[in-house]
Amino acid sequence: MDFSAMSPAEQAHMNRIIERKQMQDFMRMYSSLVERCFNSCCNDFTSKALSSKEVHFYPPNLRDRSVLTKPIAPPPQEQCVLNCTDKFLKHSERVGARFAEHNAEMMGANMNK
């Protein structure tokens, strides 16, 4: 956006509004991601104790993961959350790319008129 016609105070005000809106959008996306992945991956509430799927256990001598030569697979629930997050972010990236393409087409069409 071009705020060059505005006074410095108006520019600062507009920047604050835009930053606030961006933070709200980010928090909405993050909350949606958390809710979606939690509902998809966490479904056993029959006990206060964590199930073996929910506990990421390493023997005492392997707790420092930097000493491992090959990675240990995460437990199923954690893997579910990782997959869910990955899908959500890839989807968001793809939608953003399509939006940018559509916006560029619209701007090009407006310039030709």
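Being a predicted model, the structure only gives us computed values, none of them experimental.

This part covers the overall build of the protein chain. Along the backbone of the protein chain there are 2 helices and 0 strands. A total of 113 residues make up the protein chain; the buried ones form 10% of that total. Pairs at least 24 residues apart make up 43% of the contacts formed inside the protein chain by residues separated by at least 6 positions. Surface accessibility of the protein chain: about 9800 Å² in total, with carbon and sulfur atoms responsible for 59%.

Next up on the list: the UniProt feature "domain: Tim10-like" (unreviewed entry) in the protein chain. Under the UniProt annotation, "domain: Tim10-like" (unreviewed entry) lies at residues 17-54 and 77-101. The straight-line gap between the two end C-alpha atoms of residues 77-101 is 36 Å; of that span, 100% is helix and 0% is strand.

Here we come to the state of the cysteines. A covalent bond bridging the sulfur atoms of two cysteines is what the word disulfide describes. Tallying each qualifying case throughout the model produces 2 disulfides. Paired by a disulfide, Cys37 and Cys84 hold their sulfur atoms 2.0 Å apart. Its S-S torsion of approximately -90° makes the covalent link between Cys37 and Cys84 left-handed. Here Cys37 is found in helix H1 (residues 8-41), whereas its partner Cys84 is found in helix H2 (residues 76-112), with 47 residues between them in sequence.

This brings us to the confidence of the model for the protein chain. Per-residue pLDDT for the protein chain averages 79, and the proportion of residues at 70 or more is 72%. Low pLDDT (under 50) marks residues 56-63, which in the prediction has 9 contacts with non-local residues, meaning those over four places away or in another chain.

Grouped together as the largest cluster of nonpolar side chains are 5 residues: Leu33, Cys37, Cys41, Cys84 and Phe88. It is H1 that contributes the most residues to this core, 3 residues altogether. Ignoring sequence-local partners within four residues, the contact set of Phe88 consists of Met29, Ser32, Leu33 and Arg36.

Tallying each qualifying case throughout the model produces 1 aromatic pair. For the pair Phe26 and Tyr30, a centre-to-centre distance of 6.3 Å together with 20° between the ring planes defines the contact as stacked. Separated by 4 residues within a single helix, Phe26 and Tyr30 lie in helix H1, roughly one turn from each other. Classification of Tyr30 as partly exposed rests on a relative accessible area of 45%.

Here H1 contains 34 residues, and its C-alpha end-to-end distance of 49 Å stays within 8% of the 50 Å for a straight helix at 1.5 Å per residue. Among the residues of H1, those classed as buried are Leu33, Cys37 and Cys41.

We now examine the environment of Leu33. Take Leu33: it is sitting in helix H1. Looking at Leu33, the relative accessible area reads 12%, which means it is buried. A C-alpha to C-alpha distance of 9.9 Å links Leu33 and Val81, two positions 48 residues apart in sequence. Ignoring any residue separated from it by four or fewer positions in sequence, one finds Leu33 in contact with Cys84, Thr85 and Phe88.

Quick notes on the rules
- Residues numbered from 1 in each chain as written.
- Predicted model: local features only at pLDDT ≥ 70, side-chain atom pairs only at ≥ 80, totals over all residues.
- Heavy atoms only, no water.
- Helix = DSSP H or I, 4+ residues; strand = E, 2+ residues; numbered from the N terminus.
- Buried < 20%, exposed > 50% of the residue type's maximum accessible area, 1.4 Å probe, protein only.
- Contact = heavy atoms within 4.5 Å.
- Areas by Shrake-Rupley, 256 points an atom, 1.4 Å probe, with all protein chains shown as cover.
- UniProt positions renumbered as here; feature names shortened; annotations may be inferred.
- Disulfide = S-S within 2.5 Å.
- pLDDT = per-residue confidence, 0-100.
- Core = buried A, V, L, I, M, F, W, Y, C linked by side-chain atoms within 4.5 Å.
- Phe/Tyr/Trp six-rings, centres within 6.5 Å; stacked < 30°, edge-to-face > 60°.
- Expected span 1.5 Å × (residues − 1).

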